[in-house]
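# Structural overview for review
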Amino acid sequence: MATDPFEAIKATYFLECEELLADLERHVMALESGDADSDTLHAAFRAVHSIKGGAGAFGLEDLVRFAHVFETFMDELRSGRKPCSEQAVRVMLAASDVLADHVAAARGSNAALDHARVAHVVADLEALTAGTAPSAPGALAAAAPEPDGPAPDEFGFTPVAFDFGLGDAPAEPQGWRIHFKPHPRLLETGNDPALILRELARLGPCDVTLDDRDLPGVDVLEDGAFHLAWDIVLNAAPPETAVREVFEFVDGFCDLVIAPLGAEAEAEPVAALIEAPSDPVFATAPIQMEAASAPAPARAAEPAASAKPAAGGGGGGGTAGAAPSQTSIRVDLDRIDKLINVVGELVIQQAMLAQSVVESGLARSSAVSVGLEDLEQLTREIQESVMAIRAQPVKAVFQRMPRLVREVAELTGKSVRLVTEGEGTEVDKTVIDRLAEPITHMIRNAIDHGLEDPDARRRAGKDPEGVIRLAALHRSGRIVIEVSDDGRGINRDRVRAIAVERGLIAADAPLTNEEIDNLIFLPGFSTASTVSDISGRGVGMDVVKRSIQQLGGRISIASTPGKGSTFTMSLPLTLAVLDGMVVEAGGQTLLAPLSAVVESFTPKAADLHRIGPTETLIRFRDRFLPLIDTAAALGFPAAPMQQSGARGIAIVVESEGGMQAALRVDGIHGQRQVVIKSLETNYTKVDGVSAATILGDGRVALILDVDALLSLGKRAGTPADLRLAS
Amino acid sequence: MTTITSPEQNRELMAFRAGGQEFCVDIMTIREIRGWSPATPLPRTPSYVRGVINLRGAILPIVDLSARLGLGACEPDGRHVIMVVQIGERAVGLLVEAVSEILIISPAEVQPAPEIASDDMKSLIRGIVPRDSRLLSILDVHLLLPEVNAEAA
């Protein structure tokens with residue numbers, strides 16, 4: 001399956017689609033917010049065109065069909081035949097969504113294609129395309145069919161060449177004469193001349209002649225060489241750009257001569273053209289044409305650059321600037337992971353070597369010691385560079401949000417402005433991939449529950465337009481993401497009432513404001529009295545909290561009544577490393593993930609209370625938590641708790657489900673950041689252990705799986721129980 | 001008693017000692033041989049899994065072969081070695097007393113494992129090879145870790 005080269009190419013195609021869809025959305029957004037120029041349209045068009053091109057190669061018919069309708073419409077806009085009105089942009093936004101859905105469907109995701117929506121958007125696109133071409137009937141009569149997909153008659157009018165403003169294009173060519181000689185490289189890159197010719201035939205009736213003059217005898221035929229060429233007479237008059245687009249993906253991999261048909265006598269034999277490449281007259285003509293058509297692709301890269309200064313400035317997502325096009329390569333993540341592993345090991349080896357040198361009693365000024373110091377610096381630099389390979393700006397996630405905001409705003413009838421900050425903040429790709437869901441949910445929540453409707457805002461003396469702020473920043477080796485609104489803030493009385501009603505807290509539980517605010521993270525809590533389509537769907541903030549905890553992160557809320565709320569998530573920069581507390585239990589060095597640690601303290605004998613035959617509770621801030629002996633839970637030999645009395649240290653931990661308990665350990669040796677190593681690579685999952693890591697001395701230490709430990713400790717309980725216990 | 005066969009059919013086996021007995025495994029399954037270093041014990045694992053060590057950044061489980069074969073747990077010292085073997089996608093370290101030599105064995109030399117062998121042993125032995133006065137058991141490393149085997153199936 002994975003070894004099928006075709007599948008691999010397809011996977012790459014879908015990866016590209018993701019990027020292209022993001023580009024498309026960004027450009028359409030730019031159109032919407034008004035800070036776009038004609039280049040933006042071209043860039044958007046190219047994104048759709050590229051998706052269509054790939055889809056055609058893979059035979060993804062539905063996708064091709066839709067992309068084609070979309071592309072046709074955009075072609076109208078970019079040629080200036082049709083104004084880029086507000087309505088047009090709205091339809092393009094919807095079409096971008098549907099295109100993304102099509103890609104997802106082609107990719108085999110579970111999300112079924114909403115055919116009604118697709119039909120609706122297609123109808124809109126076609127209506128706009130047709131409705132704004134008053135001269136269409138005339139054009140239809142004059143020219144051959146428009147380039148199109150499987151349904152030729154639905155958009156039977158012709159883009160006319162002079163509309164493109166490409167001054168050098170001949171006024172009214174009757175057709176095109178094309179000489180196409182693929183280089184071997186064209187085939188090596190996976191292109192198929194037959195597909196290209198087929199694509200060309202969509203522009204109109206073609207007379208294709210195979211030129212096999214260069215074909216040597218079988219005896220000298222070389223493997224890997226390519227000797228064929230084709231002469232094509234296209235008996236239709238699409239604009240030259242349309243013809244060139246067919247060859248867009250093989251640009252530079254072939255000799256291509258495109259000349260208007262009307263220039264010579266129509267009856268001129270194709271044979272005359274065969275000489276074209278070597279004929280100076282013909283050779284210069286195509287060069288001029290290329291010069292004429294070149295600006296379009298070149299300009300495509302510009303909007304990114306021009307949008308850059310506006311990036312982070314707020315406003316719509318349209319200002320999310322892309323980096324100017326840089327050379328980049330696609331590398332399999334596995335390869336990078338391997339590199340990161342090896343570099344991690346290099347760092348450890350280097351530290352061990354340095355330790356040995358110190359132990360050998362060499363002077364600090366010795367050449368070996370000095371050399372080692374340099375090596376250490378280099379090693380660190382390598383490590384940082386390698387980690388940076390995986391780091392990506394959070395922009396990839398942030399730029400999906402403006403659409404979400406608009407959609408939710410429309411559904412709720414609220415007026416919302418999204419302000420984004422720190423889109424350039426970088427974080428590991430694995431983290432990025434999993435950020436979208438919690439952020440999406442938090443923004444939905446902020447609009448649905450946080451912001452008031454415009455009337456209420458007016459009454460409260462606020463701007464009727466609510467502001468959602470989405471910000472990212474680095475803070476002490478972690479990435480912090482904040483979602484804040486300027487809405488009504490958390491209605492603590494109501495939250496409390498609901499929590500009591502749902503049995504989550506006791507009616508008379510004494511809770512601080514902060515504790516009340518955090519009740520919304522409890523499983524089963526939702527303040528919406530009706531399960532709305534927006535933030536409802538049966539999931540609440542507890543799901544958000546859990547998905548963030550799975551990333552080794554934490555979430556908190558700060559709310560001021562009447563002023564708004566701020567959700568703050570703090571996440572590690574990469575999933576490959578973990579902040580851990582180094583502890584000792586049962587003679588072993590273990591790591592407790594810091595994200596699960598609430599607090600640690602040395603309990604007094606009076607803090608411990610036996611309950612039942614085996615269980616021990618520990619007093620922690622006027623609450624009693626089950627105390628779990630770490631070594632015993634892991635099956636390591638350990639002194640029984642009662643014998644050790646109050647010795648040892650209690651670490652209060654919180655499971656992903658919000659359950660708190662205390663782990664007893666023999667000692668704490670500080671905190672450190674460690675590289676996570678899977679146990680499953682060479683072994684199997686081990687209960688109570690989530691992974692392993694390698695310490696500075698080269699030894700393996702196990703990372704505790706707090707959730708599993710709590711259940712290994714055979715304590716059941718919910719946060720509510722714990723609260724009730726107080 | 002040794003029949004001459006074509007070299008293609010001969011197998012190269014690595015001979016080693018564990019639990020006081022001699023064994024051999026297909027040399028192609030061996031990735032490397034390294035000295036013993038203390039392993040970090042894993043909780044709740046079979047007693048023959050001594051724990052994990054750091055093999056150039058990878059976490060390598062160590063199986064005490066003697067214990068696995070029911071020959072008693074090994075008390076490793078500096079002379080013991082770890083044979084790193086490849087089992088499917090995974091690498092596993094086998095703790096053994098010593099590796100001795102590489103044997104080239106023709107199929108005719110291999111005799112089926114006798115019925116008398118204990119269950120533990122029987123399930124892991126692919127055959128026996130008499131050599132001079134010695135007797136070596138051919139071990140199938142793929143069956144050493146039951147859970148690994150189950151997942152590979």
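For chain B, the count of helices and strands is three helices and 10 strands. In sequence order, chain B lays out its α and β elements as β-β-β-β-β-α-β-β-β-α-β-β-α. Here chain B, with 153 residues, has 36% of them falling under the buried criterion. Of all intrachain contacts in chain B linking residues separated by at least 6 positions in sequence, the fraction that spans at least 24 positions is 56%.

Along its length, chain A carries 26 helices and 22 strands. Considering chain A as a whole, with its 726 residues, one finds that 38% of them fall into the buried category. Put simply, of all contacts in chain A between residues at least 6 apart along the chain, 70% involve residues at least 24 apart.

Residue and element names in this part refer to chain A. Put simply, helix α3 (residues 61-78) and helix α4 (residues 86-107) touch, their axes get as near as 10 Å, and they point 160° apart. In this view, α3 runs roughly antiparallel relative to α4, as classed from their interaxial angle. For α3 against α4, the interelement crossing comes out left-handed. Here Asp 62, Leu 63, Phe 66, Ala 67, Phe 70 and Leu 77 of α3 come into contact with α4, specifically with Ala 88, Ala 95, Val 98, Leu 99, His 102, Val 103 and Ala 106. Tallied by class, residues from the contact of α3 with α4 come to 11 nonpolar, one polar and one charged.

Before going further, it helps to spend a moment on the interface of chain A and chain B. A common way to report how large an interface is uses the accessible area buried once the components associate. Contacts between the two partners involve 26 residues from chain A, matched on the other side by 19 residues from chain B. Counting residues per element, the side of chain A that touches chain B draws most heavily on helix α14 (residues 333-359) of chain A, at four residues. Among the residues making up the side of chain A that touches chain B, the classes are represented as 12 nonpolar, 10 polar and four charged.

Residue and element names in this part refer to chain A. Pairing within the open sheet is mixed, and its five strands lie in the order β20-β12-β13-β22-β21. Where the open sheet ends on each side, the last strands, each with one partner, are β20 (667-675) and β21 (689-694). Put simply, the sheet's adjacent strands are angled 35° from each other on average, direction ignored. For strand β12 (residues 577-585) and strand β13 (residues 588-593), the ladder comprises six bridges, and the chain directions are antiparallel. Residue pairing for β13: Ala 585 is matched across the bridge by Gln 588.

So, on to the nonpolar core. Counting residues in each nonpolar core, the largest one holds 89 residues, and the members touching the most others are A:Ala592, A:Ala662, B:Cys24, B:Val52 and B:Val63. Two domains each provide a minimum of three residues to this core, namely domain 3 (333-391) and domain 5 (577-725) of chain A. In this view, B:Val52 contacts A:Leu679, A:Ala692, A:Val700, B:Ala39, B:Thr40, B:Leu42, B:Ile59, B:Leu60, B:Pro61 and B:Ile62; residues no more than four positions away in its chain are not counted.

With that settled, the discussion passes to unusual backbone geometry. If you check the backbone angles, A:Arg621 has positive phi at about 50° while not being a glycine. Relative to the helices and strands, A:Arg621 is located in the loop between β16 (615-620) and β17 (623-629). On the neighbour-count criterion, A:Arg621 (9 C-beta atoms within 10 Å) is exposed. Despite not being glycine, B:Asp132 shows a phi value in the positive range, around 50°. Along the chain, B:Asp132 turns up in the loop between β9 (125-131) and β10 (134-139).

Let's shift gears to the pairing of strand β6 (residues 416-421) of chain A. Residues and elements named next belong to chain A. By the alternation rule, side chains of β6 split into Val 416, Leu 418 and Thr 420, which are all buried, and Arg 417, Val 419 and Glu 421, of which none is buried. Both β6 and strand β8 (residues 466-475) contribute to a ladder of six bridges, which runs parallel. Looking at the pairing, Val 419 lines up with Arg 469 of β8.

The next point concerns α14(A). Residues and elements named next belong to chain A. Here α14 spans 39 Å end to end across 27 residues, near enough to the 39 Å set by a 1.5 Å rise per residue. Of all the positions in α14, only Ile 340, Val 343, Gly 344 and Ile 348 are classed as buried. Looking at the residues trailing α14, positive phi occurs at Gly 361, about 80°.

Looking now at the environment of A:Ala47. Residues and elements named next belong to chain A. The residue Ala 47 is located in helix α2 (residues 38-57) in this model. Under the C-beta neighbour-count criterion, Ala 47 is labelled buried, with 27 such atoms within 10 Å. With 20 residues separating them in the primary sequence, Ala 47 and His 27 have C-alpha atoms 9.5 Å apart.

Residue and element names in this part refer to chain A. Read across the open sheet, the five strands follow the order β6-β8-β9-β11-β10; overall the sheet is mixed. If you trace the sheet from one side to the other, it starts and ends with β6 and β10 (554-560), each paired once. Averaged over all pairs of adjacent strands, the angle between their axes in this sheet comes to 15°, without regard to strand direction. Of the strands in this sheet, β6, β8, β9 (478-485) and β11 (564-572) are in contact with helix α18 (residues 429-450), which crosses β9 at around 20°.

Here the focus is the pairing of β16(A). All names here are of chain A. As defined by bridge partners, strand β15 (residues 608-611) adjoins β16 across four bridges and the pair is classed as antiparallel. Paired with His 609 across the two strands is Leu 617, which belongs to β16. In terms of strand pairing, β16 meets β17 through four bridges, oriented antiparallel. Bridging from a neighbouring strand, Phe 620 pairs with Arg 623 of β17.

All names here are of chain B. With 87% of its residues at a pLDDT of at least 70, chain B reaches an overall mean of 83. Per-element confidence in chain B ranges from a low mean pLDDT of 47 for helix α3 (residues 146-152) to a high of 93 for strand β6 (residues 81-87). Interface scoring of the predicted complex returns ipTM 0.83; its pTM is 0.51.

Our next topic: the confidence of the model for chain A. Residue and element names in this part refer to chain A. Averaged over every residue, the pLDDT of chain A is 74; residues scoring 70 or more account for 78%. Within the model, pLDDT remains below 50 along residues 264-324, and this stretch shows 99 contacts once partners closer than five positions in the same chain are excluded. Across residues 640-646, confidence stays below pLDDT 50; counting only partners more than four residues off in sequence or on other chains, it has nine contacts.

Rules behind the numbers
Residues numbered from 1 in each chain as written. Chains lettered and ligands numbered in written order. Predicted model: local features only at pLDDT ≥ 70, side-chain atom pairs only at ≥ 80, totals over all residues. Helix = DSSP H or I, 4+ residues; strand = E, 2+ residues; numbered from the N terminus. Buried ≥ 20, exposed ≤ 12 C-beta atoms within 10 Å, placed from the backbone. Contact = placed C-beta atoms within 7 Å. Axes fitted to C-alpha atoms, helices over the stretch in contact; angles between N-to-C directions. Parallel < 35°, antiparallel > 145°, perpendicular 65-115°, else oblique. Left-handed = near helix turned anticlockwise from the far one by under 90°. Nonpolar A, V, L, I, M, F, W, Y, C, P; charged D, E, K, R; others polar. Pairing = 2+ DSSP bridges. Core = buried A, V, L, I, M, F, W, Y, C linked by C-beta atoms within 7 Å. Domains from an automatic or database assignment. Expected span 1.5 Å × (residues − 1). pLDDT = per-residue confidence, 0-100.

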